[in-house]
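So you can see what is in the structure, the chains are spelled out below.
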There are 4 protein chains.
Amino acid sequence: MIKVGIIGGAGYTAGELLRILVGHPETDIAFVHSTSNAGNPIHSVHKDLVGDIEGDFTDQLQFDVDVIFICSGHGHSRSFVESNDIPSHVKIIDLSNDYRLKDHADGFVYGLPELNLEAIKTANKIANPGCFATAIQLAILPLAAKGWLTEDVHVNAITGSTGAGQNPSATSHFSWRNNNISIYKAFSHQHLGEINQSIQQLQDGYAGDVKFIPVRGNFTKGIFASVYTHCTVDEKEVVAAYKEFYKDAKYVHVLDYAPDMKQVVNTNKCLIHVEKHGDTVLVTSCIDNLIKGASGQAVQNMNLMFGLDQKVGLQLKSLGF
Amino acid sequence: MIKVGIIGGAGYTAGELLRILVGHPETDIAFVHSTSNAGNPIHSVHKDLVGDIEGDFTDQLQFDVDVIFICSGHGHSRSFVESNDIPSHVKIIDLSNDYRLKDHADGFVYGLPELNLEAIKTANKIANPGCFATAIQLAILPLAAKGWLTEDVHVNAITGSTGAGQNPSATSHFSWRNNNISIYKAFSHQHLGEINQSIQQLQDGYAGDVKFIPVRGNFTKGIFASVYTHCTVDEKEVVAAYKEFYKDAKYVHVLDYAPDMKQVVNTNKCLIHVEKHGDTVLVTSCIDNLIKGASGQAVQNMNLMFGLDQKVGLQLKSLGF
Amino acid sequence: MIKVGIIGGAGYTAGELLRILVGHPETDIAFVHSTSNAGNPIHSVHKDLVGDIEGDFTDQLQFDVDVIFICSGHGHSRSFVESNDIPSHVKIIDLSNDYRLKDHADGFVYGLPELNLEAIKTANKIANPGCFATAIQLAILPLAAKGWLTEDVHVNAITGSTGAGQNPSATSHFSWRNNNISIYKAFSHQHLGEINQSIQQLQDGYAGDVKFIPVRGNFTKGIFASVYTHCTVDEKEVVAAYKEFYKDAKYVHVLDYAPDMKQVVNTNKCLIHVEKHGDTVLVTSCIDNLIKGASGQAVQNMNLMFGLDQKVGLQLKSLGF
Amino acid sequence: MIKVGIIGGAGYTAGELLRILVGHPETDIAFVHSTSNAGNPIHSVHKDLVGDIEGDFTDQLQFDVDVIFICSGHGHSRSFVESNDIPSHVKIIDLSNDYRLKDHADGFVYGLPELNLEAIKTANKIANPGCFATAIQLAILPLAAKGWLTEDVHVNAITGSTGAGQNPSATSHFSWRNNNISIYKAFSHQHLGEINQSIQQLQDGYAGDVKFIPVRGNFTKGIFASVYTHCTVDEKEVVAAYKEFYKDAKYVHVLDYAPDMKQVVNTNKCLIHVEKHGDTVLVTSCIDNLIKGASGQAVQNMNLMFGLDQKVGLQLKSLGF
């Protein structure tokens, strides 16, 4: 059994990680760390886990585990790693954006299995991708792998409210967000860094821009991205390239129709559809932002790092409705 | 023109009041008071009012107005009234629960037009009813008027999130409230006081209980109440009693089918339906919690106090969908 | 492995059953019957199952299976059973209301595990309870078991739209139902028969009424019920009675706080809370209408019938948000 | 008073038109035509109008009116006009797309007041713009007016479910659409014709493409569009151009921040924001799809045709929440 520790255990991604790990047959949860909730039952915060998990949050750190997941939020992971003497045999999976860019990766491998499968298998430290970054990369990377990106890529992606975490804010207030739509950080979202880095990894020298408009949706879970760019390659050939790129992927499915977002809610799947309109290729892509976009992908990475089948513990019942 | 001042101008009920008053042909908004937002444009807080209202919030009080609406929240109205020297010619309409109960009314008339029409017309000070209290009383009062209440009254009423105001809380967080249902303050909601007081006003000595379970709904606006009690009177006769009771009411309609809540959203209406099941009478009742349940009823009261038709400025376009 | 056949495979409860069974370690899906969709891939109807299930719907019946689930809808099960020569070694789990009442049970055992555990273990044919009936019985039965029901029981329960199935109707149209609340079948819902039958099973001679108002909620999944009645027993003693009644139940949890509905969405759990207010006992109860209220409970019954642990294949990742 | 007749009176746009006209001080509703609902009270279909309107639908046509609104749906308007002998003094406002394109306009003026103000004032027949077309044109036209469009324009716009009308369909089923996102008719939506026509009217010879992805949102009312294109003009100068273009517009407001969609729900407003990012200009635009996107704009056109102030009857109370 893999002994697991979780840092930042009271937040949304930690909750989702726990929901997955309580059903994972190869892991034991050794501790769930939270300063603010130390001493409280874990299911007093993640209330839907009542009956599924016993034990309390702790503020004591212990490193006699096999892997720790850091769910503390952006900026906190690096300071946690640097201020603690984590033994080298403890693998680390970090869900923040602190180590995603190569310039500051400090040995962390970027944990997108569909891009870096072999490197993940042998990694000790994983920088787990961002949610938007996952949905968007999985839509673009097959084009980059073929060297087919020639012009700007246009991305519009809408996300559920859980992407913003549990801290109350004006834009997470129910009376405001219900039935509302708005955009934020147009063309400047922080995930663009990792998206561009992965594109360059596959198509070195691509000089175009990824023009990305993030949208706040009036739902809790899911990301739906529509992505298009100039492309003169035949539709058949493009679709074949996507199927080839994902032929060994366990959780990416290339459909022959455009998906709707709820097909993936509460699963680790990414559904992709590719269609040509004249010289434009349109790719739609959707994921559950907290699963394939965060904690599910983190478990997928853990499985790979420990030599398990990628799907162990990740065959989640989809919501359906 | 009626010169209007608004106290507590940045909250939800003040916003809804402003949305109504900007279209009211007989009022001028003299000032909108807010300590926290003084100096900011009114439409910087109530953003949908852009293009409809100019002017800023002020922290200066002035009493050269005809009426002030106090929208400061429960507990604040009394201290406002007591600490300010409001000239006696200035009428007051208070939207809080500070003056609703006769024991502490200090001359405020309970402003439910369907109950206290004549008293409102000559009142100088109005205690505007609560939202749940309005929906529930309008369902019960015709029975009390006939002296037909004999046993406990059972009430289940579900409210939109705006009833909880704009302060962020765990139960107003979108990620929690979306698609969720919960109850609170079962059998002990603060509106029971005014409900029971009005029942006693019409049926002195009624000894039963109003057993009320408030429900948090996953929508922003509206209240839907189902109310039932023992009643041996014929259905026909009961329905006739309701129609008689509301024959002069401008905003209560007794339907021959059970309403759905959205029929009243963004209106000042209350829709009522009465049906018998054996010896049980079931009444359904719905209102917009911020309009007939707060700011619309406040304007209705203002109209009455100033000798206007009740409907002036209150023929609002319903949302429909 | 248990060989499973599904009748009426294109509907909502069949879809939910498939979502569960694809992750169940002890079952093989032998066939999914649907006349209307024969020849189409199963994941062309239950689209979220893409990647999880291969195979097509069939209109051919075969009875070389161990169990069939009938998901055809009320009224269709009896005609299916009567017009087909189902071998006696094939167990039947019927999700309709055709066999729930003892007068017409024809050997079907009412499949509420918390009530009829031992009978289910040896049954060949199960009448799976209704969704409202499950949530409401689990709230009431511990009182009946003690003989503590003395007066009417008051029930208000709100359900998600999936309870109405996939046929389009005025009340399932998004533009109508979004942000809307309404009631239907007040005091006359078809589940009252099975609720009363189970109460009589535990407290023979109870002469009160279950007064039940069903509410249409603006969400897709879940039921939240609030239930109260007269009860002079001490709160402590009542709570203890509930805990005793459910001490061996695998999926009912008696909490020390009132649950919110989303705690159970996408799980087989029922969460219960009991509190006294004077001489009134209030019980809140919530389930996922399609899981504990239908297909999850059906699998729980199957597990019991085949000697498996009740929880096999039912430790579903809850939605959380 | 303007005597009004409505054709196709039972649909969504007719309902919204009635909600506006019952509060319009200068109109009398002479008849509401509906074949399917002839003889039924108007408020039996548009149920929120109970108390606001008396009278029944009729299947009798009468042309002793000043104006008729045709709300019959695309394809039906032309056949209605051609098969009825409408007297020439009766003005026509058609809400379908049958007469929007100049090639088949047959004398109908394209009724976008911000584009064709003077022509509308003297028109006898108006082709009322489409909902998406309104939101998108109001975002683009100021650039075209300056001749600043040089490359493709990228548009993503999300719409509420009422845009699809009241006929039940798979994508209007609550259980499917709630919390869901999907796209349709990518790059080929039927409103592109009128959008391109208006661009050419202002910037003859523009050779770029409007690349438009329509999105189905999980809300009932509203459209939110994000629109961007290459533009090397200074942000200040661009914003000034928008303010100049809309300086006389009654219902378009150029904001200095990006709007959220609910700011305009239940109003006739269009809110616009313009910002530069490098050499890209981003315009956000939002409307209520049934008001400024349909029936409100139709009334605005009627006001212009009859010499009234544009705002008569259109100062609607916004929803707010």
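Residues numbered from 1 in each chain as written. Chains lettered and ligands numbered in written order. Predicted model: local features only at pLDDT ≥ 70, side-chain atom pairs only at ≥ 80, totals over all residues. Heavy atoms only, no water.

Undergrad: What is the right way to read the sheet that holds strand β5 (residues 109-110) of chain B from this model?
TA: Within a sheet, each strand pairs with its neighbour through backbone hydrogen bonds, oriented either parallel or antiparallel. Residues and elements named next belong to chain B. Spatial ordering of the open sheet is given by β2-β1-β3-β4-β6-β5, a layout of six strands whose pairing is parallel. One side of each edge strand has no neighbouring strand; the edge strands of this open sheet are β2 (27-33) and β5. Bridging between strand β3 (residues 67-70) and strand β4 (residues 91-94) involves four bridges; their strand directions are parallel. From the neighbouring strand, valine 67 faces β4, where its bridge partner is lysine 91. (Pairing = 2+ DSSP bridges. Helix = DSSP H or I, 4+ residues; strand = E, 2+ residues; numbered from the N terminus.)

Undergrad: Teacher, can you tell me more about the sheet that holds strand β1 (residues 2-7) of chain D here?
TA: Strand order in the open sheet formed by six strands is β2-β1-β3-β4-β6-β5 (chain D), with parallel pairing between adjacent strands. Strands with a single pairing partner mark the edges of an open sheet, and in this sheet they are β2 (27-33) and β5 (109-110) of chain D.

Undergrad: What is the right way to look at the packing of aromatic side chains in this model?
TA: Two descriptors summarise a pair of aromatic rings, namely the distance from one centre to the other and the angle between the planes of the rings. Here the structure, examined in full by the defined rule, presents 22 aromatic pairs over all chains. Ring centres of tyrosine 99 of chain A and phenylalanine 108 of chain A lie 3.9 Å apart, and the angle between their planes is 5°; this geometry places the pair in the stacked category. The exposure class assigned to tyrosine 99 of chain A is buried, which follows from its relative accessible area of 2%. Seen from their ring centres, phenylalanine 174 of chain C and phenylalanine 174 of chain D are 5.6 Å apart, and the 20° between their planes marks the pair as stacked. Pair noted here: phenylalanine 174 of chain C is in helix α6 (residues 174-177) and phenylalanine 174 of chain D is in helix α6 (residues 174-177), and the two residues belong to different chains. Positioned over the ring face of phenylalanine 174 of chain A is arginine 177 of chain B, at 6.0 Å from the centre of the ring. (Phe/Tyr/Trp six-rings, centres within 6.5 Å; stacked < 30°, edge-to-face > 60°. Buried < 20%, exposed > 50% of the residue type's maximum accessible area, 1.4 Å probe, protein only. Lys NZ or Arg CZ within 6 Å of the ring centre and 35° of its normal.)

Undergrad: Can you walk me through the interface of chain A and chain D in this structure?
TA: Across the boundary between the two partners, chain A contributes 32 residues, which contact 32 residues of chain D. Between chain A and chain D the total buried area reaches about 2,700 Å² when both faces are included, carbon and sulfur atoms providing 62% of it. Counting the surface chain A buries against chain D, the share from its top three residues, Ile181, Tyr228 and Lys262 of chain A, is 20%. On inspection of chain A and its partner chain D, the count reaches zero salt bridges. Among the secondary structure elements, those contributing two or more residues to the side of chain A that touches chain D are β7 (153-159), α5 (174-177), β8 (182-183), β9 (210-216), β10 (223-230), β12 (270-277) and β13 (280-287) of chain A. (Contact = heavy atoms within 4.5 Å. Buried area = accessible area lost by both parts, 1.4 Å probe. Salt bridge = Lys/Arg side-chain N within 4 Å of Asp/Glu carboxyl O.)

Undergrad: I keep staring at the UniProt feature "active site" (unreviewed entry) in chain A and nothing clicks. Help me out?
TA: All names here are of chain A. With numbering aligned to this structure, UniProt lists the feature "active site" (unreviewed entry) at Cys131. By the secondary structure assignment, cysteine 131 is in helix α4 (residues 131-145). The buried category is assigned to cysteine 131, whose relative accessible area is 17%. Those residues in contact with cysteine 131, other than ones at most four positions away along the chain, are His191, Ile223, Ile287, Asn289 and Gly293. (UniProt positions renumbered as here; feature names shortened; annotations may be inferred.)

Undergrad: Looking at this structure, how should I read the packing of helix α4 (residues 113-121) of chain B against helix α9 (residues 291-305) of chain B?
TA: In a pair of packed helices, the angle between the axes and the distance between the axes together describe the arrangement. Residue and element names in this part refer to chain B. Look at α4 against α9: their axes get within 9 Å of each other, and the N-to-C directions meet at 35°. The interaxial crossing formed by α4 with α9 has right-handed handedness. Of α9, the residues touching α4 (which contributes Pro113, Glu114, Leu117, Ile120 and Lys121) are Lys292, Gln297, Gln300, Asn301, Leu304 and Met305. Along the lines of polarity and charge, the residues of the contact of α4 with α9 split into five nonpolar, three polar and three charged. (Axes fitted to C-alpha atoms, helices over the stretch in contact; angles between N-to-C directions. Left-handed = near helix turned anticlockwise from the far one by under 90°. Nonpolar A, V, L, I, M, F, W, Y, C, P; charged D, E, K, R; others polar.)

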